Amino acid sequence: MDKPTLGDKILTGFLYLCTGAFALFCLFPLWVALVSSFSDEMSMVRHGYGLWPKEFSLAAYKLVFTGTDSVMQAYLITIISTAAGTLLTLILTAAFAYPLTVKTLKYRNSIGLFAYATMLFNGGLVPAYILTTKLLHLQNNILVLIIPAALNAYNVFLMRNYFATLPEALSESAKIDGANDMYIFVKIIVPLSKPILATIGLFAAMGYWNEWFKVLLFIDDQKLYTLQFLIMKIQTQVDFLQSSLGSKARAALGGQSIPSVGVRMATAMISIGPIILLYPFLQKYFLKGITIGAVKG
């Protein structure tokens, strides 16, 4: 290969500079939120947001972690439901999507139409509540956070379309060698489908991680609260205290104000941390063309 010229080096350096500047631009709001979570409330009122805390304070995090056991329990419930729900979503979605690409499957178009109909029509909130509580008896059960969202028609069609792009020669050659559909699915299709599995897995994980509405509807036991629901309750209580705290109660707290802005930023940092750490490990699968060169000939 020819050595890069001076112009190539300048262009490469310029592209790296632009990419780095764009990355810093994207990280700027996150950094401001992180700094605000460690800033004193009155200092933020006087000076506004900044790149470094004018007066360092842990009041927001102390307030959030006042009930440490509750926060850790909510973290555990969220992690369990996210991990189990994401795994179940991938299994059910792939198992539903692959048969829709097998041309020998009878009524596969009718099955696909039935799945598509669920994207257009639904029974509504009241029938879903009755089904979940009266018939399935999932009230105050961690399974209510996992099972209802495990299968989504949009994800099924997304994965089916990806499976349809895989070379048919792979399946045909495997069938000639005596492989059945299950073997082809597990040994050939799934290993070649890491990009779509990673994409749908990330979507599912974000949905499970941010779940709070099902907790509001179906869960009364505080031990089954998710992190997002607990954070929502904390923010609601802080807003109430900020608006109605009397002078005597404020004096009992040493004259300190409730760090409402700091609490919002602190809860945001606590909740988005795991997703930020997970994304870089999955990003490579979005861009990598695994199927290139899979068929020789």
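Bear in mind that the values here come from a model prediction, so they are computed numbers and not experimental data. (Residues numbered from 1 in each chain as written. Predicted model: local features only at pLDDT ≥ 70, side-chain atom pairs only at ≥ 80, totals over all residues. Heavy atoms only, no water.)

Novice: Is there a simple way to think about the packing of aromatic side chains in this case?
Specialist: To describe a pair of aromatic rings, one takes the distance between the centres and the angle between the planes. Applying the stated criterion across every chain yields a total of 10 aromatic pairs. One aromatic cluster is present, formed by Phe-38, Phe-56 and Tyr-61 through successive ring pairs. (Phe/Tyr/Trp six-rings, centres within 6.5 Å; stacked < 30°, edge-to-face > 60°.)

Novice: I keep staring at the environment of Val-263 and nothing clicks. Help me out?
Specialist: Tracing the backbone through its elements, the reader meets Val-263 in helix 14 (residues 260-287). For the pair Val-263 and Ile-231, spaced 32 residues apart in sequence, the C-alpha to C-alpha distance is 9.4 Å. Residues within four places of Val-263 in sequence aside, it is in contact with Ala-60, Leu-63, Val-64, Ile-234 and Val-238. (Helix = DSSP H or I, 4+ residues; strand = E, 2+ residues; numbered from the N terminus. Contact = heavy atoms within 4.5 Å.)

Novice: What am I meant to see in unusual backbone geometry here?
Specialist: Outside of glycine, negative phi angles account for most residues, and trans bonds account for most peptide bonds. Here the phi dihedral of Tyr-107 falls at roughly 60 degrees; this positive angle occurs in a residue that is not glycine. Among the secondary structure elements, Tyr-107 is positioned in the loop between helix 4 (68-97) and helix 5 (108-120). The backbone phi angle of His-137 is positive, close to 55 degrees, even though this residue is not glycine. When you line up the elements, His-137 lands in the loop between helix 6 (125-135) and helix 7 (153-165).

Novice: Please clarify how the side chain of Glu-211 should be interpreted in this entry.
Specialist: Locating Glu-211 in the fold gives a position in the loop between helix 10 (194-209) and helix 11 (213-218). According to the relative accessible area criterion, Glu-211 is buried, its value standing at 14%. Ignoring any residue separated from it by four or fewer positions in sequence, one finds Glu-211 in contact with Leu-145, Thr-226, Gln-228 and Phe-229. (Buried < 20%, exposed > 50% of the residue type's maximum accessible area, 1.4 Å probe, protein only.)

Novice: Would you mind going over the packing of helix 7 against helix 10 with me for this structure?
Specialist: Across the interface, helix 7 lies against helix 10 with an axial gap of 10 Å and an inter-helix angle of 165 degrees. By the criterion of interaxial angle, the relationship of helix 7 to helix 10 is roughly antiparallel. At the point where helix 7 passes helix 10, the crossing takes the right-handed sense. Side by side, helix 7 and helix 10 meet where Asn-155, Leu-158, Met-159 and Tyr-162 of the first sit next to Pro-195, Ile-196, Leu-197 and Ile-200 of the second. (Axes fitted to C-alpha atoms, helices over the stretch in contact; angles between N-to-C directions. Parallel < 35°, antiparallel > 145°, perpendicular 65-115°, else oblique. Left-handed = near helix turned anticlockwise from the far one by under 90°.)

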